[in-house]
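A structural walkthrough
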Amino acid sequence: MRSEDTEDPVNVPAGLRVVLAEDSVLLREGLVGLLARFGHRTVAAVGDAVALEAAVAEHRPDIVVTDVRMPPDHTDEGLKAAVRLRETRPDLPVLVLSQYVQRSYAAELLDSGDGTAVGYLLKDRVGQVEEFLDAIARVAAGGTVVDPEVVRRLISRRRDPLERLTAREREVLALVAEGHSNAEVSRRLTVSEAAVGKHIGNILMKLDLPPAQESHRRVLAVLAYLRG
């Protein structure tokens, strides 16, 4: 999901200041080169969670891109560091990369801050350059992105409260979770934007989400989807 004022497709803005955390030297250097190729500047490229937090404190970047698994234990140190960073700076855009589908990782990241300006992508997505850069742009602009493969693999595990949703409402919510605006959902499902808006309204009502800013309610809907 992303902010409603961001149109599909996203034009990647140049000039983002990036702190990158990845323990694989080859992948880290490759990402630095890729970001530079599209006009972004990696102000720090580090290999562990402690260095990540120090680099963010020093450089105050526009966005953080970090692996989930980092030294010394190679479990979820990168994710934990990202969550801690957003506790002190809730508006810090963070894009987390993961080798595997982990619903708990995505949910924990979306729980940080107010659930906006965050992204969870599988590392395979890095090889699809346009999609990877698009995700960076969405997150840096305050949007929220969940990898489509994460959504697809988890869809068969849904439980209450999602059982209240119709098949079409589940399709709409899955596309919202992937980061698509109402206009893009409308295009993909070949229905009107008004119909998409109605479906989203029904989804929010069925998930018992309280009246709030629309973008925040959409984040809560995605959280419900991931936890279902």
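Provided above is the structure to which this section pertains.
What comes next concerns the included structure.

Reading the values: the criteria
- Residues numbered from 1 in each chain as written.
- Predicted model: local features only at pLDDT ≥ 70, side-chain atom pairs only at ≥ 80, totals over all residues.
- Heavy atoms only, no water.
- Helix = DSSP H or I, 4+ residues; strand = E, 2+ residues; numbered from the N terminus.
- Polar contact = N/O pair within 3.5 Å; in protein donor to acceptor, adjacent residues only side chain to side chain.
- Contact = heavy atoms within 4.5 Å.
- Core = buried A, V, L, I, M, F, W, Y, C linked by side-chain atoms within 4.5 Å.
- Buried < 20%, exposed > 50% of the residue type's maximum accessible area, 1.4 Å probe, protein only.
- Axes fitted to C-alpha atoms, helices over the stretch in contact; angles between N-to-C directions.
- Parallel < 35°, antiparallel > 145°, perpendicular 65-115°, else oblique.
- Nonpolar A, V, L, I, M, F, W, Y, C, P; charged D, E, K, R; others polar.
- Salt bridge = Lys/Arg side-chain N within 4 Å of Asp/Glu carboxyl O.
- Expected span 1.5 Å × (residues − 1).

1. A look at the side chain of Glu22
Of note, Glu22 is situated in the loop between strand 1 (17-21) and helix 1 (25-37). A polar contact is formed between the side chain of Glu22 and the side chain of Lys123, at a distance of 3.1 Å. Aside from chain neighbours lying at most four places away, what touches Glu22 is Leu27, Arg28, Val46, Gly47, Asp67, Met70 and Lys123.

2. Structural notes on the nonpolar core
Val19, Leu52, Val56, Val64, Val94, Val96 and Leu109 are the most contacted members of the largest nonpolar core, which totals 28 residues. For this core, the elements supplying multiple residues, two or more each, are strand 1, strand 2 (41-46), helix 2 (49-59), helix 3 (77-88), strand 4 (94-98), helix 4 (103-111) and strand 5 (118-122). The contact partners of Val94, leaving out residues within four places of it in the chain, are Ile63, Val64, Thr66, Ala82, Arg86, Leu109, Ala117, Val118, Gly119 and Val139. The next biggest cluster of nonpolar side chains, apart from the first, holds 18 residues, and it includes Val18, Leu20, Val65 and Ile136.

3. A short note on the environment of Glu29
Looking at the secondary structure, you find Glu29 in helix 1. Exposure remark for Glu29: the relative accessible area of 46% places this residue in the partly exposed category. Placed 16 residues apart in sequence, Glu29 and Ala45 show a C-alpha to C-alpha distance of 8.2 Å.

4. Observations regarding the packing of helix 7 (residues 167-178) against helix 9 (residues 193-206)
A pair of packed helices is characterised by two quantities: the angle between their axes and the separation of those axes. Two elements in contact, helix 7 and helix 9, have axes separated by 10 Å at closest approach and are oriented at 95 degrees. When the interaxial angle is binned, helix 7 and helix 9 end up roughly perpendicular. Residue-level contacts link Arg168, Glu169, Val172, Leu173 and Val176 of helix 7 to His199, Ile200, Asn202, Ile203 and Lys206 of helix 9. Residues that form the contact of helix 7 with helix 9 fall into these classes: five nonpolar, two polar and three charged.

5. Regarding the pattern of salt bridges
Where charged atoms of side chains with opposite charge meet at close range, the side chains can pair. Enumeration according to the criterion identifies 10 salt bridges in this entry. Note that Arg89 and Asp91 form a salt bridge whose closest N and O atoms lie 3.6 Å from each other. A network of salt bridges, in which partner residues are shared, links Glu22, Asp67 and Lys123.

6. Some thoughts on helix 3
Here helix 3 is 12 residues long and its end C-alpha atoms lie 17 Å apart, about the 16 Å a rise of 1.5 Å per residue gives. Those residues of helix 3 lying buried are Glu77, Gly78, Leu79, Ala81, Ala82, Val83, Leu85 and Arg86.

Honestly, that's just the spatial picture; any functional story needs more than this.
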